[in-house]
Each structure stands twice: as C-alpha cells, then as structure tokens.
Amino acid sequence: MNFRPLHDRVVVRRLTAEEKSKGGIIIPDTAKEKPQEGEVVAVGPGARDAGKLVELDVKAGDKILFGKWSGTEVKIDGEELLIMKESDIMGVIA
Amino acid sequence: MNFRPLHDRVVVRRLTAEEKSKGGIIIPDTAKEKPQEGEVVAVGPGARDAGKLVELDVKAGDKILFGKWSGTEVKIDGEELLIMKESDIMGVIA
Amino acid sequence: MNFRPLHDRVVVRRLTAEEKSKGGIIIPDTAKEKPQEGEVVAVGPGARDAGKLVELDVKAGDKILFGKWSGTEVKIDGEELLIMKESDIMGVIA
Amino acid sequence: MNFRPLHDRVVVRRLTAEEKSKGGIIIPDTAKEKPQEGEVVAVGPGARDAGKLVELDVKAGDKILFGKWSGTEVKIDGEELLIMKESDIMGVIA
Amino acid sequence: MNFRPLHDRVVVRRLTAEEKSKGGIIIPDTAKEKPQEGEVVAVGPGARDAGKLVELDVKAGDKILFGKWSGTEVKIDGEELLIMKESDIMGVIA
Amino acid sequence: MNFRPLHDRVVVRRLTAEEKSKGGIIIPDTAKEKPQEGEVVAVGPGARDAGKLVELDVKAGDKILFGKWSGTEVKIDGEELLIMKESDIMGVIA
Amino acid sequence: MNFRPLHDRVVVRRLTAEEKSKGGIIIPDTAKEKPQEGEVVAVGPGARDAGKLVELDVKAGDKILFGKWSGTEVKIDGEELLIMKESDIMGVIA
C-alpha cells in the first residue's frame, strides 16, 4: 500500500458482514456504541513514551474491533479506508 | 477465547444472580452507582508507566466488581461480553 | 475479608455515632462537606508513581476521616461497606 | 494531637483577631479573596514528586496565611480545625 | 525557502486536484472531516519529549494527508502556504 | 520582612506612578490587560520540576512587570502588598 | 534594552508594512487568524523540560511570524512592544 501512517496511527479496512470471522464476534444491536470489525492495512512506527519509541501492538493483517465513530475516512487506491489511532482499537480477533 | 484485548483492556463476563458468590457480595438497591459482579475472561498485556510495561493486577478467572456503566458490549463466540479498562475494576472477590 | 481492592483503592466501614472515638472528632453540623469517620477494612497494593509502586499510607484497622460523598457502596458478606481511593481519605485518627 | 493527616494535608487552627500577630498582617476589607491567618497544628508526611517523597515546607506551630475558602472544617478533641492541602497555604509569618 | 518553522511546526503547500498522485488517494465527499493532500515545504527541528529533541517524521518534499481545518494560512514569497503542527498530519503518501 | 512565601510564590509591592523607573516602561491605556510595575519584596524557595528544586529567577529588590489582576492582596506590617506566583511575572526591568 | 523577560517569554517589536521583508511574507486578508510579522528584541533564558533548562530557538534580531492576538502590549523606553511566549511564535523568516 502506498500510504505510511505517522506515529501511532493505523489504517483500517472496514469488514463487511460477509467477511466477518465465522462463528465469531457479533455486535449486539442494543449496544450503546457498537464496535466494528476491521482489518489492519498499515501501521505507524509507534508512539513515544518517556523518551522511547514504543511499537504498536497491532500489525498489518490483524482483525480488530474498534469503536463505531473512530477514525477518519479516506480513499486510497480507490478503496475506502479509515485512519485511526491505536488507542481506538479495543483488541485483536485471534 | 479467540479475542486478545490491547493494552490495559479486560474482557469481562457479567455474572447473573445465580452465579454470584454465595454469602458473598450483594449490591444494595440504594447505591448511587451499583457495582456489578463479573468474571475476567481475558486481559491485555498491560499499560505503560514511565516507559515500562506494567502488567495488569487481574487475570482470567478472577471474580471482580466493576461499575454498572463500565465497558462496551460485544458478542464473542455467541456470548455477550464486556470490554473495559482495568481502571474500571474496583477489586477482586477472593 | 474475601475482597481484595485494586491499586490505590481502600475498603472502608462507616462508623456509627456510638463507635466513634470518645472525646474525639465531632463533625460540625455547619460544615460545607461534612467528613465522616470510618475504619479501614482492606487496602490495595498501592498506586504507581514514575514507574514505582508506592504503598498506601493507611492499613486495615486504621480509623480515618473521609469526605461524605466519597466512595461507592457495596455489600460484602452481608455488611454495607464503601470502596474509595486513598486520596479521598483526609487523615488517620491516632 | 490525635490526628495524622495524609500526604500533603495540613491541619490548621484558624486564628481569631486577638490571637493575630501584633503589628503584623491585616487583611484589607476590599480584597477579592481575603486570606486568613492560622496556626499549623499537624502536617502530613509530604507529597510525591517524580517518585520521591518531598517533605512539606510548613511544620506544627507555624503561623500561616491561607485562602478564605480553603480546607474542610472538622472538630478534633472538641476544637474546630481545618484540613487543607499545603498548596492552599501562601506563606509563613516569621 | 526563506522561512524556518519552530519546534514541531511544518510548512505545507496545499495540492490542487491536478497535482494529486495519480490513481492515488481520493477524499470521499461524504467524509465528516475531509483530509487534504499537501506537500511538505519546510520542517522545524522537532519537539521535546522527556528532555530529548525528537526529530519530525516528515521531511521537505513528502506528500502528506492532513485535516481540512488544520494550520494557519500565510503567504511566503508570493505563494499561499500553511503552517501546522506535525500532529495535524495523518500520514505520508509513498 | 516577617513573611516567608512558600514554593514559587513572590511578595510584590505595587509601584505608584512616581516610583516608576524614569524614561522607563509606560503601560499604554489601550492595552487589553495592562501589566503593572512592582518591586519584589520576598521570594519563596522555588518550585519542583522532575524531583529537583528550581530556584526562582527573581529576587528581592527586582523591579518587575506583572499582570494587572495577578496575586492576592494582603497587608503586612501595615503595608498593602501582593502575593503571586512567579509565573505571573513577565520580566525584570534592568 | 532595559527589560529582561523571564523563562520562555520573548519581547517582540511589531513590524509595520514598510519594514517587512521585501518580496517576502504577505499575510492574506482572508486568513482566519492572520499571523503578524515582528522582530525579536529580547528573549528569556528558556523553559524547563524534565528538569533541564532548554534555551529558546529564537534570538534578538530574528524576524518572526506570530499569531495576531498573541502577547501583551507594553511600552518600554517609549516604544510599544509585545511580551509573548515562544510557543506563540510560528517561525523565523530567514
């Protein structure tokens, strides 16, 4: 992919219902803020903590859960993607 | 479980009345914010403090008390669970 | 007691008028926010400051003053108790 | 005195007009927030800064100026006193 | 260019539609806050973190995405440019 | 003077028009927040930064500029003075 | 000049249109917050970061851009000047 996120930013592809992991995580309709399933496309080099660079805990290819309103929409190479901070990601679906 | 929380996040299963510890903790009806009883299902690797990774104080299997409105609801493997930060947990029921 | 508070949290038993220290501390009726007298039942392992664990300054058995609206009410082993942070405690009655 | 303040808290006895230092500090009536004169009765062990305990700059017996609305009123051994943080104290009257 | 930004500030030339990378990033019309494409013209020496100077992750010539409302408009050598902080930049188009 | 300010506090005597430095600093009437001229009477031991005590940059006798609404008025030895933080002082008139 | 700014403060002389660098920076009329051109007259010793003094990046004589509403107006030796923090300065015109 021809886009390199800065710092602790992550590029995420939103997964449609069909692409979601089978028998896996289903977001209940009644949740206050429904988390969304996505796939990490690219990650930044990491954030700084007390003078040291701390690499991100997610990598390209990870399937993740993130908050519904997280991130900014962009279109890269004709595909709609999201740029968000790693702190907007709740966890990785193994 | 096929979900790995990031940082200081914890996956919690809400305990129903029957599953609660016998003779144990009962939340009074008059409490301003009623804490809830739950069981830790999975924990993240920990938060960073002054450049060092600090492991969480709870582990999978711990019975915990947490604030009623804490966490985000998700459905993993068909089960309704909560993802919250460790700081939302008040303590562990021994 | 079968409850272990996390971090800098403290479990406190509210003292009734009869249990208060004799000739001791009486909270004036006109105080804006009346502090309350209590007894520490259990303490967490401490808070982190600059990467080091700092043990709490109170211990089980201490009689303390705390702000009237501090803490969350819980019922443990049939007894109504409070869970609060150590910073809500003003001092120890010797 | 049978009360030990925690951290950077200080117990202060409010001085009445007669007890104030002679020829000393008079608070003008027109001041926006009138500082008050008091005497330190007991001090906590100090606050933590960057992992080190920093002892307080005031000690029992010091005559101090503090903001009018600072502190919480308590009655200890039948006497009305104030519990405040050291940062509420402006200085010491020599 | 005869302008040197301070600290973590970056001078950016807004790219018009024709200058944008071919087959590259298209900002969808429906995005809440549409990111814009630009080219870095000059960068400051970096920000300080825990006492150390941390160089910026972008350099002159980089094509970047930034938030639509980021930065302050200035005219340098007759050209309209933007001065923004590096944290307003989402990533670099490779 | 019989008053010792704590931490980074400074005691300041407001200068009247006659006492101001000749040919010196005149505050324009149209300034949004007019700075005032004063003389430092006493200074605290300094503030703490990252665990070290940092002495103040002003000393008794310095003529200073400070914000019009800075500080708290007190009367010490029959004289009206101001207690403010060093950060309220803009600079020293040489 | 007989004025010494404290910490990270800078004394700035606003440049009139005639004094501005030729062929240089022109502030567009439509800018939301128009930056202004000025000349640094005096600088403070620097700010503290993590216990170390960090000298300022500007020096007396530098031509700078700063936000229109930055700083406080003072009159020193009969001249109208501005006192602002270095963080209000966007960059140096070479």
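Residues numbered from 1 in each chain as written. Chains lettered and ligands numbered in written order. Predicted model: local features only at pLDDT ≥ 70, side-chain atom pairs only at ≥ 80, totals over all residues. Heavy atoms only, no water.

Taking an unreviewed UniProt entry as the reference, chain A is identified by name as Co-chaperonin GroES belonging to Chenggangzhangella methanolivorans. The Subunit (unreviewed entry) comment attached to chain A in UniProt states, word for word, "Heptamer of 7 subunits arranged in a ring. Interacts with the chaperonin GroEL." According to the UniProt record, the Sequence similarities (unreviewed entry) comment for chain A is "Belongs to the GroES chaperonin family." (UniProt positions renumbered as here; feature names shortened; annotations may be inferred.)

Peer 1: How do you make sense of the overall build of chain A when you look at a structure like this?
Peer 2: When you go through chain A residue by residue, the secondary structure sums to zero helices and ten strands. Counted from the first residue to the last, chain A has its helices and strands arranged as β-β-β-β-β-β-β-β-β-β. Among the 94 residues that make up chain A, the fraction classed as buried is 49%. Nonlocal contacts in chain A, meaning residues at least 24 apart in sequence, comprise 66% of its contacts between residues at least 6 apart. For chain A, the exposed area adds up to about 4400 Å²; of that, 48% sits on carbon and sulfur atoms. (Helix = DSSP H or I, 4+ residues; strand = E, 2+ residues; numbered from the N terminus. Buried < 20%, exposed > 50% of the residue type's maximum accessible area, 1.4 Å probe, protein only. Contact = heavy atoms within 4.5 Å. Areas by Shrake-Rupley, 256 points an atom, 1.4 Å probe, with all protein chains shown as cover.)

Peer 1: Teacher, can you tell me more about the interface of chain E and chain A here?
Peer 2: For an interface, size is often stated in terms of accessible area lost upon the parts coming together. Contact residues are listed per partner, giving 26 residues for chain E and 23 residues for chain A. Counting the surface lost from both chain E and chain A, the interface buries some 2000 Å², and carbon and sulfur atoms represent 56% of this. In this structure, the connection of chain E to chain A is made through zero salt bridges. Run the count over chain E and chain A and you get six residue pairs in polar contact (both at pLDDT 80 or more). Listing elements by their share of the side of chain E that touches chain A, those giving two or more residues are strand E5 (52-54) and strand E9 (89-93) of chain E. In terms of residue count, E9 of chain E provides more of the side of chain E that touches chain A than any other element does, five residues in total. Across three bridges, strand E1 (residues 3-5) of chain A lies against E9 of chain E in antiparallel orientation. Bridge pairing in E9 of chain E links Phe 3 of chain A to Ile 93 of chain E. (Buried area = accessible area lost by both parts, 1.4 Å probe. Salt bridge = Lys/Arg side-chain N within 4 Å of Asp/Glu carboxyl O. Polar contact = N/O pair within 3.5 Å; in protein donor to acceptor, adjacent residues only side chain to side chain. Pairing = 2+ DSSP bridges.)

Peer 1: I keep staring at the relation of the copies chain E and chain A and nothing clicks. Help me out?
Peer 2: One copy of the chain maps onto the second through a rotation about an axis and a displacement along it. The two copies are related by a screw motion: chain E maps onto chain A through a turn of 51 degrees and a shift of 0.0 Å along the axis, at an RMSD of 0.0 Å. In this assembly, only 8% of the residues forming the interface of chain E have copies in chain A that are likewise at the interface, indicating a heterologous arrangement. (Least-squares fit on C-alpha atoms with pLDDT ≥ 70 in both.)

Peer 1: Mind showing me how you'd approach the sheet that holds strand E8 (residues 72-76) of chain F here?
Peer 2: Strands pair in a sheet through their backbones, by hydrogen bonds, and they do so in one of two ways: parallel or antiparallel. Strand order across the open sheet formed by seven strands is E8(F)-E9(F)-E2(F)-E4(F)-E7(F)-E10(F)-E1(G), with antiparallel pairing between neighbours. Each of the sheet's edge strands pairs with one partner strand only, and the pair in question is E8 of chain F together with strand E1 (3-5) of chain G. Strand-to-strand, the axes of this sheet are offset by a mean angle of 40 degrees, without reference to chain direction. (Axes fitted to C-alpha atoms, helices over the stretch in contact; angles between N-to-C directions.)

Peer 1: Would you take a moment to explain the pattern of salt bridges for this structure?
Peer 2: Working definition: two side chains of opposite charge can pair if their charged atoms are close together. Within the structure shown, the criterion is met by 21 salt bridges over all chains. Ionic pairing is found between Arg 13 of chain F and Glu 79 of chain F, a salt bridge with its closest N-O pair at 2.4 Å. In this pair, Arg 13 of chain F sits in strand E2 (residues 9-14) while Glu 79 of chain F sits in strand E9 (residues 79-85), placing the two residues 66 residues apart along the sequence. For Glu 39 of chain G, the salt bridge is made with Arg 13 of chain G, and the minimal N-O distance between the two is 3.5 Å. In this pair, Glu 39 of chain G is assigned in strand E3 (residues 35-43) and Arg 13 of chain G in strand E2 (residues 9-14), connecting sequence segments 26 residues apart.

Peer 1: Explain the interface of chain F and chain D to me, please; I cannot follow it from the model alone.
Peer 2: If you look at the interface, chain F gives 23 residues, while chain D gives 26 residues. Area buried by chain F at its contact with chain D is led by Arg 4, Leu 6 and Lys 75 of chain F, which between them contribute 26% of it. For the interface between chain F and chain D, the tally reads six residue pairs in polar contact (both at pLDDT 80 or more). Counting residues per element, the ones that place at least two in the side of chain F that touches chain D are strand E1 (3-5), E8 and E9 of chain F. The biggest single contributor to the side of chain F that touches chain D is E8 of chain F, with five residues. Across the side of chain F that touches chain D, the residue classes break down as nine nonpolar, six polar and eight charged. (Nonpolar A, V, L, I, M, F, W, Y, C, P; charged D, E, K, R; others polar.)

Peer 1: Please explain the pairing of strand E9 (residues 79-85) of chain A as it appears in this structure.
Peer 2: Look at any regular strand and the pattern is simple: side chains alternate between the two faces of the sheet. Residue and element names in this part refer to chain A. Bridge count between strand E2 (residues 9-14) and E9: four bridges; the pairing is antiparallel. Each residue of the ladder has a partner; that of Val 10, found in E9, is Met 84. One ladder, built from five bridges, connects strand E8 (residues 72-76) with E9; its direction is antiparallel. Residue pairing across strands places Lys 75 opposite Glu 80, the latter belonging to E9. The loop that links E8 with its antiparallel partner E9 comprises two residues; one of these, Asp 77, has a positive phi angle of about 55 degrees.

Peer 1: Help me understand the pairing of strand E6 (residues 63-67) of chain G, please; the structure alone is not making it clear to me.
Peer 2: Residue and element names in this part refer to chain G. Of all five residues in E6, four are buried, a share of seventy percent or more. With five bridges joining them, E3 and E6 adopt antiparallel strand pairing. Paired with Pro 35 across the two strands is Gly 67, which belongs to E6. As paired strands, E6 and strand E9 (residues 89-93) are joined by four bridges and run antiparallel to one another. Across the sheet, Lys 63 pairs through a bridge with Ile 93, a residue of E9.

Peer 1: Would you take a moment to explain the relation of the copies chain F and chain D for this structure?
Peer 2: Each copy superposes on the other: chain F lies on chain D with an RMSD of 0.0 Å after a rotation of 51 degrees and an axial shift of 0.1 Å. The overlap is low: 9% of the interface residues of chain F also sit at the interface in chain D, so different surfaces are used on the two sides.

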